[in-house]
Amino acid sequence: LNACLMAADWPGVLKCEGRLDELMEGKTDEACEQTLFAFTSAHTLWGDELGAMGSRVNALAIVKLEKRRIEVLGRMERFRDQGQVMCNLAENLLPFPEIREESRKDYHLARNLAQAHGLVAIECNATLGLGRIAMLEGEDEEAVELFRHALTLAPLSEDNARGFELNALKMLIELLFRKS
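Summary of the structure given here. Remember, predicted model here, so these are calculated numbers, not experimental data.

1. Here's the deal with a nonpolar patch on the surface
Line of reasoning, step 1. A surface patch of nonpolar side chains, amounting to about 320 Å² of accessible area, comprises Leu169, Ile173 and Phe177.
Line of reasoning, step 2. Structurally, Leu169 is set in helix 10 (residues 161-179).

2. Thoughts on the packing of helix 9 (residues 140-153) against helix 10
Line of reasoning, step 1. Between helix 9 and helix 10, the least distance of the axes is 9 Å, while the angle of their chain directions is 155°. With respect to helix 10, the axis of helix 9 lies roughly antiparallel. The hand of the helix 9/helix 10 crossing is left-handed. Each of Asp140, Glu141, Ala143, Val144, Phe147, Arg148, Ala150 and Leu151 in helix 9 lies in contact with helix 10, whose residues at this interface are Glu165, Ala168, Leu169, Met171, Leu172, Leu175, Arg178 and Lys179.
Line of reasoning, step 2. For the contact of helix 9 with helix 10, the per-class residue count stands at 10 nonpolar, no polar and 6 charged.

3. Some words on the side chain of Glu123
Line of reasoning, step 1. Along the chain, Glu123 turns up in helix 8 (residues 120-136).
Line of reasoning, step 2. Buried and unpaired, Glu123 has Arg111 as its nearest opposite-charge partner, separated by 4.4 Å.
Line of reasoning, step 3. A polar contact is formed between the side chain of Glu123 and the side chain of Gln115, at a distance of 3.0 Å.
Line of reasoning, step 4. Those residues in contact with Glu123 that lie beyond four places of it in its chain are Arg111, Ala114, Gln115, His149 and Leu153.

4. Describing unusual backbone geometry
Leaving glycine aside, a negative phi is the common case for residues, and trans is the common case for peptide bonds.
Line of reasoning, step 1. Residue Glu77 is not a glycine yet carries a positive backbone phi of 60°.
Line of reasoning, step 2. Tracing the backbone shows Glu77 in the loop between helix 5 (51-75) and helix 6 (79-93).
Line of reasoning, step 3. A relative accessible area of 60% means that Glu77 is categorised as exposed.

5. A few points about the pattern of salt bridges
A side chain of one charge can pair with a side chain of the opposite charge when the charged atoms of the two come close.
Line of reasoning, step 1. Applying the stated rule across the entire model yields 15 salt bridges.
Line of reasoning, step 2. Between Glu33 and Arg78 there is a salt bridge; the shortest N-O distance is 3.8 Å. Of the two residues, Glu33 is situated in helix 4 (residues 29-47) and Arg78 in the loop between helix 5 and helix 6; the sequence distance between them amounts to 45 residues.
Line of reasoning, step 3. You can call Glu33 buried: its relative accessible area is 7%.
Line of reasoning, step 4. Residue Arg78 is classed as partly exposed on the basis of its relative accessible area of 30%.
Line of reasoning, step 5. Residue Glu102 is joined to Lys105 by a salt bridge in which the shortest nitrogen-to-oxygen separation is 4.0 Å. Here Glu102 pairs with Lys105, and both are found in helix 7 (residues 100-117), just 3 residues apart, close to one helical turn.
Line of reasoning, step 6. Using a relative accessible area of 28% as the deciding quantity, one classes Glu102 as partly exposed.
Line of reasoning, step 7. Look at Lys105 and you get partly exposed, because its relative accessible area is 43%.

About the cut-offs
Residues numbered from 1 in each chain as written. Predicted model: local features only at pLDDT ≥ 70, side-chain atom pairs only at ≥ 80, totals over all residues. Heavy atoms only, no water. Patch = residues over 30% accessible without salt bridge, like charges linked within 9 Å, V, L, I, M, F, W, Y side chains within 5 Å. Areas by Shrake-Rupley, 256 points an atom, 1.4 Å probe, with all protein chains shown as cover. Salt bridge = Lys/Arg side-chain N within 4 Å of Asp/Glu carboxyl O. Helix = DSSP H or I, 4+ residues; strand = E, 2+ residues; numbered from the N terminus. Axes fitted to C-alpha atoms, helices over the stretch in contact; angles between N-to-C directions. Parallel < 35°, antiparallel > 145°, perpendicular 65-115°, else oblique. Left-handed = near helix turned anticlockwise from the far one by under 90°. Contact = heavy atoms within 4.5 Å. Nonpolar A, V, L, I, M, F, W, Y, C, P; charged D, E, K, R; others polar. Buried < 20%, exposed > 50% of the residue type's maximum accessible area, 1.4 Å probe, protein only. Lys, Arg positive; Asp, Glu negative; His and termini not counted. Polar contact = N/O pair within 3.5 Å; in protein donor to acceptor, adjacent residues only side chain to side chain.

See the structure below:
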């Protein structure tokens, strides 16, 4: 695995994935998180070269890896990273309507985690994601409420406040044009 990682041999890294449990056995949470991150990165980087069918298979593999990574980050009490991975995972599930409910669940978990630990940026990101889901499903009133909430959170965010504000405004404007 290490040789493949050093050589950026992503197909080689993915061949080791069948031994994931063995590779993580007896390791610290930090080492497990790094191993999971390596496999997720390999899927992401190699998946771009696989085309549409391969990207769907890759997306499902990434979901499994990221779910495990979320658990490890929680045990390590790295709540900001945990929330960010939850939001990233939810974002990656959005293109698949058949599993959009899973995306909604992950955004809700990230939002609850953020509220429990005072992570405004994660709460804002999760709220924007929930708004996008509501918008995709035609729940315009709920989407407007969520985007407005994200807009009020954005200036309080510990990072990317401007990006959150612009994203929320863009979504609100899109909803207004959709209604007219």
